[in-house]
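Listed here are the chains, written in short residue letters.
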Number of protein chains: 2
Amino acid sequence: MMSELVQRLAPLGLRFADSSAMMLIAANPGITASALGRMLDIQRANMVPLLNRLEVAGLIERKPLNGKSHSLALTEAGQAKLDQGERVIAEFETWLIDRVPEEHRPHFKPALDALWRD
Amino acid sequence: MMSELVQRLAPLGLRFADSSAMMLIAANPGITASALGRMLDIQRANMVPLLNRLEVAGLIERKPLNGKSHSLALTEAGQAKLDQGERVIAEFETWLIDRVPEEHRPHFKPALDALWRD
DNA sequence: ATGTGTTGTTATGAGTTATAACAATTCCAT
DNA sequence: ATGGAATTGTTATAACTCATAACAACACAT
């Protein structure tokens, strides 16, 4: 399932982690790199190449916040790319849920959501 | 979810791929290494370290079948280990399904099963 | 019998993730 | 306010996983 999504995101030049990061940045503008890493369960050290990639692609902006932390925000291009990504993800979800028999369909997303909500 | 299962299997000295392989060997005694790899979607080349690991641990046996292929089977210790593994997996499934609200619970496993059945 | 495809295997390269270290800086308790 | 502890972004690096290519030995179909 995941590899299907990854393949659908690839044409946009997005990896799965990229989309996740951009979604969280969009939802938490000004978030710091390590806070983002904590949410995504990605090591601080491994955030560097990820954010570099997004910055080089012109999708995010890093602003020095207080001499130690940086503040992350989507650029306009970043927001546009995220919109495309979310459209792909929505299509993927439809594709996915269409595979479950109708009787179980309404229960599927609520059940999945419940899995990771503490 | 997967990392939870991996952590639960680790104390048995089993990886996820190990358990999967052993289940399929148990269900298809005498299966060949590359056939197993095809079922698990694991490259032929990458089966080698996996099977070596299981063989060194005394969990499986490789018998020359026809000079080209080998025939795989669980040893007694392997069957015992698999039993333990399956118990852990059953507990994991219970733990998992307990997290979904009761109303959706009966629909959950059928829905998941439908995802990968073509 | 001969060519085609398969098997198990080695070697290797690409990619991902975890760990450790570091300097700079902020935070907090006294 | 100040000194110790914790945090941040970063580099370097090691461990792992996974995919690709090559190979000799063999099976199999025509």
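On a predicted model such as this, the values are computed, not experimentally measured, just so you know. Just so you know, the residues in each chain are numbered from 1, in the order the chain's sequence is written. Here the convention is simple: chains get letters from A, ligands get numbers from 1, in the order in which they are written. The model is predicted, so local features are restricted to residues of pLDDT at least 70 and side-chain atom pairs to those at 80 or more, both for listing and for counting; the totals for chains, interfaces and linings are taken over all residues. To get the side-chain values, all heavy atoms of the structure are used, and hydrogens and water are removed first.

**Student:** Where do I start with the overall build of chain A in this structure?
**Tutor:** A run of DSSP states H or I qualifies as a helix once it reaches four residues; a run of E qualifies as a strand once it reaches two. Both are numbered from the N-terminal end. In terms of helices and strands, chain A carries six helices and two strands. Overall, the C-alpha framework of chain A stretches about 55 × 35 × 20 Å when taken along its three principal axes. Three labels apply to residues, based on accessible area from a 1.4 Å probe with only protein chains included: buried if under 20% of the type maximum, exposed if over 50%, partly exposed otherwise in between. When burial is assessed residue by residue, chain A has 34% of its 118 residues classed as buried. Residue pairs in contact within chain A that sit at least 24 positions apart in sequence constitute 49% of those at least 6 positions apart. Summed over its atoms, the accessible surface of chain A is roughly 7,200 Å², and 53% of this surface lies on carbon and sulfur atoms. By the convention used here, residues are in contact when the closest approach between their heavy atoms is within 4.5 Å. Values of accessible area rely on a 1.4 Å probe in the Shrake-Rupley scheme; residue burial ignores everything except the protein chains shown.

**Student:** Where do I start with the protein's contact with DNA strand C in this structure?
**Tutor:** Distances are taken per atom, and a residue is near a molecule or strand as soon as one of its heavy atoms is within 4 Å of it. The immediate surroundings of DNA strand C are formed by 18 residues, with A:Arg15, A:Asn66, B:Thr32, B:Ser34 and B:Arg38 found nearest. Those atoms of DNA strand C that come within 4 Å of the protein belong to sugar or phosphate at a rate of 60%. Polar contact is the term for a pair of N or O atoms within 3.5 Å; when the atoms are in protein, one must be able to donate a hydrogen and the other to accept it, and sequence-neighboring residues count only if both atoms are side-chain atoms. A distance of 2.9 Å separates a base nitrogen of DNA strand C from a polar side-chain atom of B:Arg44. With respect to DNA strand C, the side chain of B:Arg62 contributes an N or O atom lying 3.0 Å from a phosphate oxygen. Among the elements of the structure, helix H4 (44–56) of chain A together with helix H3 (33–40) and helix H4 (44–56) of chain B are those that each provide at least two residues to the surface near DNA strand C.

**Student:** What's the story with the pairing of strand S2 (residues 70–74) of chain B in this structure? I'm lost.
**Tutor:** Every other side chain in a regular strand lies on the same face of the sheet, so the side chains alternate between the two faces. Residues and elements named next belong to chain B. Across five bridges, the pairing between strand S1 (residues 60–64) and S2 is antiparallel. Along S2, the bridge assignment pairs arginine 62 with leucine 72. A pair of strands is considered paired only if DSSP assigns at least 2 bridges between the two. The antiparallel pairing of S1 with S2 creates a hairpin that spans five residues between the two strands, and glycine 67 there sits at a positive phi of about 85°.

**Student:** Hey, could you run me through the packing of H3(B) against H4(B) in this one?
**Tutor:** All names here are of chain B. The axes used here are C-alpha line fits, helices contributing only the stretch in contact, and every angle between their N-to-C directions lies in the interval 0 to 180 degrees. Packing of H3 against H4 leaves a shortest axis separation of 9 Å and a crossing angle of 105°. With respect to H4, the axis of H3 lies roughly perpendicular. Side by side, H3 and H4 meet where Ala33, Ser34, Leu36 and Gly37 of the first sit next to Arg44, Met47 and Leu51 of the second. With respect to orientation, any angle under 35 degrees is reported as roughly parallel, any angle over 145 as roughly antiparallel, any angle of 65 to 115 as roughly perpendicular, and every other angle as oblique.

**Student:** Teacher, can you tell me more about the protein's contact with DNA strand D here?
**Tutor:** For DNA strand D, the set of nearby residues contains 18 residues, the closest of which are A:Thr32, A:Ser34, A:Arg38, B:Arg15 and B:Asn66. Here a base oxygen of DNA strand D sits 3.0 Å away from a polar atom, N or O, in the side chain of A:Lys68. Here a phosphate oxygen of DNA strand D and a side-chain polar atom of B:Arg15 are 2.4 Å apart. Secondary-structure elements contributing two or more residues to the surface near DNA strand D are helix H3 (33–40) and H4 of chain A together with H4 of chain B.

**Student:** When you look at a nonpolar patch on the surface in this model, what are you seeing that I'm missing?
**Tutor:** Patch membership requires over 30% relative accessible area and the absence of a salt bridge. Like charges are linked within 9 Å, and nonpolar side chains (Val, Leu, Ile, Met, Phe, Trp, Tyr) within 5 Å. For this analysis, a salt bridge means a side-chain nitrogen from Lys or Arg found within 4 Å of a carboxyl oxygen belonging to Asp or Glu. The grouping of A:Met2, A:Val6 and A:Phe16 at the surface amounts to a nonpolar patch, some 270 Å² of accessible area in total. Within the secondary structure layout, A:Val6 lies in helix H1 (residues 2–9).

**Student:** Where do I start with the interface of chain A and chain B in this structure?
**Tutor:** Across the boundary between the two partners, chain A contributes 17 residues, which contact 17 residues of chain B. The term buried area refers to how much accessible surface (probe radius 1.4 Å) is lost by two components on association, counted for both of them together. For the chain A and chain B pair, buried surface summed over both sides reaches about 1,400 Å², with 71% attributable to carbon and sulfur atoms. In this assembly, chain A and chain B are joined by three residue pairs in polar contact (both at pLDDT 80 or more). The element that contributes the greatest number of residues to the side of chain A that touches chain B is helix H6 (residues 105–116) of chain A, accounting for eight residues. Each residue gets one of three labels, nonpolar for Ala, Val, Leu, Ile, Met, Phe, Trp, Tyr, Cys and Pro, charged for Asp, Glu, Lys and Arg, and polar for the others, Gly among them. Partitioning the side of chain A that touches chain B into residue classes produces 11 nonpolar, two polar and four charged.

**Student:** In this structure, what is going on with the relation of the copies chain A and chain B? I would like to understand it.
**Tutor:** Mapping between the two copies of the chain is achieved by a rotation about an axis and a shift along the axis. When the copies are overlaid, the least-squares fit takes in C-alpha atoms only where the residue has pLDDT of at least 70 in both copies. Once chain A has been moved 0.0 Å along the axis and rotated by 178°, it coincides with chain B to within an RMSD of 0.2 Å. Such values leave the two copies arranged in the relation of a two-fold axis. Mapped onto chain B, 100% of the interface residues of chain A again fall at the interface, so both copies present the same surface.

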